[in-house]
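# Descriptive analysis of the structure
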Amino acid sequence: MTTSFEYKEVMDQTVNPEQITIQPMTIQPFLENAIWHGLMPKESDRQLKLELAIEKGMLRITIEDNGVGREISSRKRSNSDLAGTKSYGLQIIRERFEVLANMRGKRSDFEIEDLKDNENSATGTRVNIYYEI
């Protein structure tokens, strides 16, 4: 089994990297989930995209994979040695965002979207992370 995937980075012209600061370890858990739970269980044509853009006063960081989707990944995990363990990654990120909002007075949030085709079959996952700038 091959473990490679195609990776693409897209930075919109509206983003000036010199002026953007994000909280450390915010993107990493989402990228790790996309790779390990979305792409690795997929047989071939694995793709991961990281995109940055400014929208309505917010930095939007999008992490999108064309993996097996959260439902299939969850089923595989429940049949593995990890069954019964709870992941706290998303909870920790939400707590970090709260601390950041209290310190800087600026909002941060994220949303996770399950991607599906016309037959309602999973085609991957998209995470949008938002930072008020």
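In the block above lies the structure referred to throughout.
Residues numbered from 1 in each chain as written. Predicted model: local features only at pLDDT ≥ 70, side-chain atom pairs only at ≥ 80, totals over all residues. Heavy atoms only, no water.

Our next topic: the sheet that holds strand β1 (residues 6-11). Taken together, five strands build an open sheet; the order of strands is β1-β2-β3-β5-β4 and the sheet is mixed. Single-partner strands in this sheet number two, and they are β1 and β4 (108-116). The average angle at which neighbouring strand axes cross in this sheet is 15°, direction not considered. Here nine bridges tie β4 to strand β5 (residues 122-132), and the two strands are oriented antiparallel to one another. Residue pairing for β5: Glu113 is matched across the bridge by Arg126. Relative to strand β3 (residues 58-65), helix α1 (residues 27-39) is tilted by about 15°, and along the sheet it contacts β2 (47-55), β3, β4 and β5. This element, helix α3 (residues 89-104), spans β4 and β5 of the sheet and lies at about 145° to β4. (Pairing = 2+ DSSP bridges. Helix = DSSP H or I, 4+ residues; strand = E, 2+ residues; numbered from the N terminus. Axes fitted to C-alpha atoms, helices over the stretch in contact; angles between N-to-C directions. Contact = heavy atoms within 4.5 Å.)

Moving on, we come to α1. For α1, which comprises 13 residues, the first-to-last C-alpha distance of 17 Å matches the rise-based estimate of 18 Å (1.5 Å per residue) to within 8%. Ile27, Pro29, Phe30, Ala34, Gly38 and Leu39 are the residues of α1 that are buried. Among the structural elements, β2, β3, α3, β4 and β5 are those in contact with the buried residues of α1. (Expected span 1.5 Å × (residues − 1). Buried < 20%, exposed > 50% of the residue type's maximum accessible area, 1.4 Å probe, protein only.)

It is worth spelling out the side chain of Asn128 at this point. Residue position: Asn128 is located in strand β5. Look at Asn128 and you get buried, because its relative accessible area is 9%. Among the polar contacts made by the side chain of Asn128, one reaches the side chain of Thr62 at a distance of 2.6 Å. Leaving out residues up to four positions away in the same chain, Asn128 has contacts with Arg60, Ile61, Thr62, Asp109, Phe110 and Glu111. (Polar contact = N/O pair within 3.5 Å; in protein donor to acceptor, adjacent residues only side chain to side chain.)

Take the packing of aromatic side chains next. Counted by the stated rule, this structure contains three aromatic pairs. Aromatic pair Phe97 and Tyr131: ring centres 5.6 Å apart, planes at 75°, arrangement edge-to-face. Here Phe97, found in helix α3, pairs with Tyr131, found in strand β5; they are 34 residues apart in sequence, far enough to count as distant. Judged by its relative accessible area of 1%, Tyr131 is buried. Here a set of aromatic residues connected by ring pairs shows up, and it is made of Phe30, Phe97, Phe110 and Tyr131. Just above the ring of Phe110 sits the side chain of Arg94; from NZ or CZ to the centre is 4.1 Å. (Phe/Tyr/Trp six-rings, centres within 6.5 Å; stacked < 30°, edge-to-face > 60°. Lys NZ or Arg CZ within 6 Å of the ring centre and 35° of its normal.)

The next thing to look at is the pattern of salt bridges. The tally for this structure, following the rule as stated, stands at eight salt bridges. With a shortest N-O distance of 3.8 Å, Lys49 and Glu51 are connected by a salt bridge. On the basis of relative accessibility, which here comes to 29%, the residue Lys49 falls in the partly exposed class. Asp109 serves as the salt-bridge partner of Arg94, at 3.2 Å between the closest nitrogen and oxygen. Of the two residues, Arg94 sits in helix α3 while Asp109 sits in strand β4, which places them 15 residues apart along the sequence. Here the salt bridges share partners, and the residues they tie into one network are Lys49, Glu51, Glu55 and Arg60. (Salt bridge = Lys/Arg side-chain N within 4 Å of Asp/Glu carboxyl O.)

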